[in-house]
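# Examining the three-dimensional arrangement
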Amino acid sequence: MRLPVVAVVGAPNVGKSSLVNRILGRRRAVVAEEPGTTRDRGYARAEWAGREFLLVDTGGMEPSARMGLEALVTLQARVAVEEADVIIHLTDARTGPTEADAAIARELLRSGAEVVLAVNKLDDPSDDTERYRFYSLGEGEPQPVSALHGIGVGDLLDEVVSRLPEAASPTERDLLPGIAIIGRPNVGKSTLLNRLLGQERAVVSEAAGTTTDVVESEVELDEAGSRERFALLDTAGVGRRFSRARGVPYYSALRTGGAIRRAAVSLLVVDAVEGLVAGDLQLARRVEEAGRSLGVLLNKRDLVPAARLRELEEQAAARLPDLKPPVLAISALTGAGVEKVLPFAAGIHRAFTMRIPTHELAEYVNHLTAANTPPRGVKIRYATQTGTAPPRFTLFATRPEDLPDNYLRYVENALRERYGLWGVTLKLKIKKT
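The structure displayed is predicted, hence computed values, not measured ones. (Residues numbered from 1 in each chain as written. Predicted model: local features only at pLDDT ≥ 70, side-chain atom pairs only at ≥ 80, totals over all residues. Heavy atoms only, no water.)

### Thoughts on the side chain of Thr 58
To be explicit about the condition: Secondary structure elements follow DSSP: runs of H or I of four or more residues count as helices, runs of E of two or more count as strands, with numbering from the N terminus. N or O atoms closer than or at 3.5 Å make up a polar contact, with two conditions inside protein: a donor-capable atom paired with an acceptor-capable one, and, for residues adjacent in sequence, both atoms drawn from side chains.
Secondary-structure assignment places Thr 58 in the loop between β3 (51–57) and α2 (68–83). Here Val 8 takes part through its backbone oxygen, which lies 2.8 Å from a polar atom of the side chain of Thr 58.

### Some remarks on the sheet that holds strand β15 (residues 427–432)
As a reminder of what qualifies: A pair of strands is considered paired only if DSSP assigns at least 2 bridges between the two. The angle between two axes is taken between their N-to-C directions and runs from 0 to 180 degrees, where each axis is a line fitted to C-alpha atoms and a helix contributes only its stretch in contact. Contacts are residue-level and defined by heavy atoms, with any inter-residue pair within 4.5 Å sufficient.
Taken in spatial order, the three strands make up an open sheet running β13-β14-β15, and their pairing is mixed. Of all strands in the sheet, those bounded by a partner on one side alone are β13 (380–387) and β15. Along the sheet, successive strands turn relative to each other by an average axial angle of 25°, direction set aside. In the sheet, β13 pairs with strand β14 (residues 392–397) via six bridges, with the strands oriented antiparallel. Across the sheet, residue Ile 380 finds its bridge partner in β14, namely Ala 397. In this fold helix α10 (residues 358–371) packs onto β13 and β14, with an angle of close to 135° to the strand it touches most, β13.

### Examining unusual backbone geometry
The following threshold applies: For the exposure calls, accessible area comes from a 1.4 Å probe over protein chains only, and a residue counts as buried if that area is under 20% of its type's maximum, exposed if over 50%, partly exposed in between.
Along the chain, Ala 389 connects to Pro 390 via a cis peptide bond; the corresponding omega equals 0°. Here Pro 390 lies in the loop between β13 and β14. Of note, the phi angle at Ala 49 is positive, near 55°, even though the residue is not glycine. Structurally, the position occupied by Ala 49 is in the loop between β2 (42–48) and β3. The phi dihedral of Arg 399 is positive, around 45°, even though this residue is not glycine. Tracing the sequence through the fold places Arg 399 in the loop between β14 and α11 (405–419). By relative accessible area, which is 39% here, Arg 399 ends up partly exposed.

### Thoughts on the confidence of the model for the chain
Predicted coordinates in areas of low pLDDT are best not read in detail. Stated precisely, the cut-off is as follows: Each residue carries a pLDDT value, the predictor's own confidence for that position, ranging from 0 to 100.
Per-chain confidence: the chain averages 85 in pLDDT, with 85% of residues scoring 70 or above. Across residues 27–40, where pLDDT falls below 50, the model places 60 contacts with residues more than four positions away in sequence or in other chains. Within the model, the stretch residues 242–248 combines pLDDT values under 50 with nine contacts to residues more than four positions away or in other chains.

### A closer look at the packing of aromatic side chains
Inclusion rule: Only the six-membered ring of Trp is used, alongside the rings of Phe and Tyr, when aromatic pairs are assigned; centres must lie within 6.5 Å, and planes under 30 degrees apart are stacked while those over 60 apart are edge-to-face, with the rest tilted.
For the structure on display, the rule yields four aromatic pairs. Seen from their ring centres, Tyr 382 and Phe 396 are 6.2 Å apart, and the 45° between their planes marks the pair as tilted. Taken as a pair, Tyr 382 in strand β13 and Phe 396 in strand β14 lie far apart in primary sequence, 14 residues in all. By relative accessible area, which is 24% here, Phe 396 ends up partly exposed.

### Here's the deal with the nonpolar core
As a reminder, the rule being used: Each nonpolar core is a collection of buried residues, namely Ala, Val, Leu, Ile, Met, Phe, Trp, Tyr and Cys, held together in the definition by side-chain atoms within 4.5 Å.
Residues Leu 192, Leu 267 and Leu 297 are the most contacted members of the largest nonpolar core, which totals 49 residues. With eight residues, helix α9 (residues 341–352) is the single largest residue contributor to this core. Those residues in contact with Leu 267 that sit more than four places away from it in its chain are Ile 179, Ala 180, Ile 181, Ile 182, Gly 295, Leu 297, Val 341, Phe 344, Ala 345 and Ile 348. Ranked by size, the runner-up nonpolar core spans 39 residues in total, among them Leu 19, Leu 24, Met 61 and Val 161.

### Some points on the packing of α10 against α11
As a reminder, the rule being used: Note on terminology: angles under 35 degrees are roughly parallel, angles over 145 are roughly antiparallel, angles of 65 to 115 are roughly perpendicular, and the others are oblique. Note on convention: the crossing is left-handed when the near helix lies turned anticlockwise from the far helix by less than a right angle, right-handed when the turn is clockwise. Note on residue categories: nonpolar means Ala, Val, Leu, Ile, Met, Phe, Trp, Tyr, Cys or Pro, charged means Asp, Glu, Lys or Arg, and polar means any other residue, Gly included.
Remark: α10 packs on α11, axes separated minimally by 11 Å, with the N-to-C direction vectors making an angle of 130°. If you check the angle between α10 and α11, you find them oblique. Our pair here, α10 against α11, has a crossing hand that is right-handed. Where α10 abuts α11, its residues Glu 360, Leu 361, Tyr 364, Leu 368, Thr 369 and Ala 371 lie against Tyr 407, Tyr 410, Val 411, Ala 414, Leu 415, Arg 418 and Tyr 419. Looking at the contact of α10 with α11 residue by residue, the classes come out as ten nonpolar, one polar and two charged.

So, in structure tokens, the structure goes:
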């Protein structure tokens, strides 16, 4: 059974992400001084008084917005409202009830969901009289809180939990394998995500860097009667100079790094018009350093000739020799090739977690050494797989110090070719017998 959903909504800059971070006890949402930092809705598992629930952070609602980014962000918040079992309507004691607060309250009350009104930035526990002004919103008892200092958050959660529907704890607690969609700003990541999910799950705008947090969804692939489930992670665009970034770009880059580590597979979205540039390679190397697996999606295939796509595929193999990622050409905008993306990612995941039977591996390595004998005095006696995710292999040999690196590369390339280990870093060790 699904976890109940609690959405935190409100006007821009009332402290929603700060409250989410306080509830979770960690920096889960991007927080910065400028309003409107959160744009997509972000999900995280939370627990209070023995009850687990899904906590949803949303962007600032602006009910009067009709066009542009503000309207898109408000749409995202409205989707969260539709999904929620309980809604925390967060307001700002310093500004008092505003027209925006009143418009949001009317919308929430029409939704039919349970609404808990919270008044933030009441930092003095001895004086919470400012909250009484918010009775005018018609949402019941205003709960005084200070997200910054943690004051009143426990009482707020007591009220929220008391309104959660009765639900059994989920029986499946194992985390789903993750597929992270990564890339530079404005290469089409969120457009691809929305294509894959068939809904406006992530904000899409012409402005680069619209997504600032990781957006997570669950997807299921049914292939030849076998079903596989994955967590699909959309991430912020990371520019080439992310290490020098400050503020939101810095935290977004950190969040993307966390998504790469969380995901078994990262799909690097490359703008086929611009080609494979330094920023793309930098992201690919972050995947390699994290010990995860990688596939490359050449987006905007409808704008370049087939010969250019083949050239980019060759470049990916040449410039990322330790991963040799598979490449798939798509158009997120038109949908061309998008139906192949999940099977493509699932294939990389199978390679990443592959376990080769010991007798089969030993026989194949014997075949390799017979076809191309090691240097004189070196004999490879045995081979075994010592780990997965990524695949790890150990060769046992006499005089391993005399086995040159190019021979190990020969074995590695042969294993990759035979077992389809594209997009994963093969870890090959040699030990003395």
